[in-house]
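Geometric and topological summary
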Amino acid sequence: MTRPGGTWQNWGRSASVRPVRVEHPRSPEGVQRAVKAAAAQGLTVKAIGAGHSFTGIGAAPGVLLELDDLQGLVSADASSGLVTLLAGTRLFNIPGLLRPYGLAMENLGDIDRQSISGAISTGTHGTGTAFGGIATQVRGLTLITGDGEFLRIDDMHNSEMLPGAVVGLGALGVVVEVTLQCVPAFVLDAVDAPAPLEETLSTVHEQAAAADHLEFYWHPHTDVALTKTQTRMPESTRRRPTPAVSHWLDETVLTNGVFGAFCAISRVVPSIIPPFNRLAVQLTGDGDYSDESHRVLIHHRNVRFREMEYALPAENLVPAFDELRALIADRGWRIEFPVEVRFAASDDLWLSTASGRESAYIAVHRYWRVDPREYFRAVEQIMLRHGGRPHWGKLHSLTAEQLRERYPRFDDFVALRDRLDPARVFGNRHLERILGA
């Protein structure tokens, strides 16, 4: 993440900064010492997990705290399902930490490279109309505030802050511990199937309501939706994992190897994009299998990209998607990456993208070496017309004034920030844009 010469880059190569210094705290107390020292020197502080946000939300011109060494299990209670993790713990390590206790996270996004604190702080989510984002699983957290003090927030301590602090954008302090409400380990029975796009759109709300988890991908220049439907089953259910060779062919060879080469070539020869996309939907998208929940929910993606994602009121999904399709056709663009559609339940977290409303998500992507700005700007205007809220960790152009209109508790969050970090020890240019100075 921090390259030789001291320049930090995020995974998508869409943000970079040269911090004054980089520190690697190994404990919450180490974080506290780093924050106090930086504040005494008049330097800002930002903590970084995996760098999987596409925005500059984690850019640290002052002191960069890399949390690679702040990982692991603090405590776990199999009977209550409450599990406390150090903030830098990567999502891909959590299933192994939970397995001895017979527990699992209730839901996950589709990649697991992020740290748990980064995932909750930016509103990372999976899919399922009955399930909220990862932040809704949080029952408590501990952070270091702007004055360098520990602050515990849970049902017993400062409980009024919890709905505001969970999706905290890194603006309230450095999270050092996260307590999650986990569930008994479970198996997911999965069916991946291509379907006519028009048919999928006409029944998508019924399908989403009937399934535990539903998402679909649409490759532009095709008329096919690649649907993924998953049903939750008891942990004792017999598993039918995808055969190792088939999994390797699909994920390593096609999804990453062939697709990566295609993206590189398509920059030079964009005319290959429509026929390749039509071929892709014929070669991928079929599957019937079951396995541990995280093995089904997670996908491994090595091809770098940049992403914008908007949360819409669920009822606005289809008209917004139709406008997106028409936009691509009208502009004559050749879009190499699929569009992703997911769902989430309403929640009461102040800055959650699903706060106060049942939500559907539309995510658009471009290969990291392709300039996404024209495409993203045009798609963003569609999403805004349909009541969209941008994912906090993905690219968007909105400012504090525009975001305030979209979040009823926005000013409450700003007031909480004023209380916990009045000197803006944890500020940066991106936060100035989205929250104000």
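You'll find the structure just up there.
Residues numbered from 1 in each chain as written. Predicted model: local features only at pLDDT ≥ 70, side-chain atom pairs only at ≥ 80, totals over all residues. Heavy atoms only, no water.

**Notes on the overall build of the protein chain**
If you tally the helices and strands in the protein chain, you get 13 helices and 20 strands. A compact globule built from 437 residues would reach a C-alpha radius of gyration of about 22 Å, and the protein chain, at 21 Å, matches this within 12%. Each of the three principal axes of the protein chain carries a C-alpha extent, and together these read 60 × 50 × 45 Å. Each of the 437 residues in the protein chain was classed as buried or not, and the buried ones make up 58%. Across the protein chain, the fraction of contacts at a sequence separation of at least 24, relative to all contacts at a separation of at least 6, is 73%. Of the roughly 17500 Å² of accessible surface on the protein chain, 52% is carried by carbon and sulfur atoms. Of the side chains in the protein chain, 44 bear a positive and 51 a negative charge, and the two mean positions are spaced by 7 Å. (Helix = DSSP H or I, 4+ residues; strand = E, 2+ residues; numbered from the N terminus. Rg over C-alpha atoms; globule rule 2.2 N^0.38 Å. Buried < 20%, exposed > 50% of the residue type's maximum accessible area, 1.4 Å probe, protein only. Contact = heavy atoms within 4.5 Å. Areas by Shrake-Rupley, 256 points an atom, 1.4 Å probe, with all protein chains shown as cover. Lys, Arg positive; Asp, Glu negative; His and termini not counted. Charge placed at Lys NZ, Arg CZ, Asp CG, Glu CD.)

**Remarks on the environment of valine 20**
Within the element layout of this structure, valine 20 appears in the loop between β2 (16-17) and β3 (21-23). Judged by relative accessible area, which is 54%, valine 20 ranks as exposed. Separated by 44 residues in the primary sequence, valine 20 and leucine 64 have C-alpha atoms spaced 7.9 Å apart. In this view, valine 20 contacts Leu43, Pro61 and Gly62; residues no more than four positions away in its chain are not counted.

**Overview of a nonpolar patch on the surface**
There is a patch of nonpolar side chains on the surface, built from Ile265, Val268 and Val269 and spanning about 270 Å² of accessible area. Within the secondary structure, valine 269 sits in the loop between α6 (244-268) and α7 (273-283). (Patch = residues over 30% accessible without salt bridge, like charges linked within 9 Å, V, L, I, M, F, W, Y side chains within 5 Å. Salt bridge = Lys/Arg side-chain N within 4 Å of Asp/Glu carboxyl O.)

**Re the packing of helix α5 (residues 197-210) against helix α9 (residues 317-331)**
Packing of α5 against α9 brings their axes to within 10 Å, and their N-to-C directions diverge by 155°. Comparing their axes, α9 and α5 come out roughly antiparallel. Contacts between α5 and α9 pair Leu197, Glu198, Leu201, Val204 and His205 from the former with Leu317, Val318, Phe321, Asp322 and Arg325 from the latter. Residue composition of the contact of α5 with α9, by class: 6 nonpolar, 1 polar and 3 charged. (Axes fitted to C-alpha atoms, helices over the stretch in contact; angles between N-to-C directions. Parallel < 35°, antiparallel > 145°, perpendicular 65-115°, else oblique. Nonpolar A, V, L, I, M, F, W, Y, C, P; charged D, E, K, R; others polar.)

**Quick look at the side chain of serine 293**
With respect to the element layout, serine 293 can be found in helix α8 (residues 293-297). Exposure remark for serine 293: the relative accessible area of 4% places this residue in the buried category. Here serine 293 is in contact with Ala104, Phe186, Val187 and Leu188, once residues within four sequence places are set aside.

**Things to note about the sheet that holds strand β13 (residues 186-196)**
Sheet architecture is open: 8 strands sit in the order β16-β13-β15-β14-β18-β19-β17-β20, paired in antiparallel fashion. Strands at the two margins of the open sheet, each flanked by one partner only, are β16 (287-292) and β20 (389-390). Across 9 bridges, the pairing between strand β17 (residues 305-313) and strand β19 (residues 359-367) is antiparallel. Looking at the pairing, methionine 308 lines up with valine 364 of β19. Along the sheet, α5 makes contact with β13, β14 (213-218), β15 (224-234) and β18 (339-344), crossing β14 at roughly 160°. Against the sheet, α9 contacts β14, β17, β18 and β19, and its axis sits at roughly 20° relative to β19. (Pairing = 2+ DSSP bridges.)

**A short note on the environment of tyrosine 217**
Here tyrosine 217 lies in strand β14. Distance from tyrosine 217 to proline 338, taken between C-alpha atoms, is 6.0 Å for residues 121 residues apart in sequence. Sequence-distant contacts of tyrosine 217, defined by excluding residues within four places in its chain, comprise Asp110, Val224, Ala225, Leu226, Lys228, His299, Arg301, Pro338, Val339 and Glu340. Separated by 3.4 Å, the side chains of tyrosine 217 and glutamate 215 make a polar contact. Looking at tyrosine 217, its side chain comes within polar contact range of the side chain of glutamate 340, at 3.1 Å. (Polar contact = N/O pair within 3.5 Å; in protein donor to acceptor, adjacent residues only side chain to side chain.)

**A word on helix α1 (residues 28-40)**
Between its first and last C-alpha, α1 extends 19 Å over 13 residues, near the 18 Å set by a 1.5 Å rise per residue. Within the span of α1, buried status applies to Pro28, Gly30, Val31, Gln32, Ala34, Val35 and Ala38. Where α1 ends, the next residue or the one after it, glycine 42, has phi of about 75°, a positive value. (Expected span 1.5 Å × (residues − 1).)

**Describing the nonpolar core**
Of all hydrophobic cores here, the largest spans 106 residues; its most connected members are Leu169, Ile362 and Tyr375. Each residue touching tyrosine 375, except ones within four places of it in the same chain, is listed here: Leu324, Ile328, Trp333, Ile335, Val339, Val364, His365 and Arg366. Among the nonpolar cores identified, the runner-up in size contains 13 residues, and Phe259, Ile273, Phe305 and Tyr367 belong to it. (Core = buried A, V, L, I, M, F, W, Y, C linked by side-chain atoms within 4.5 Å.)

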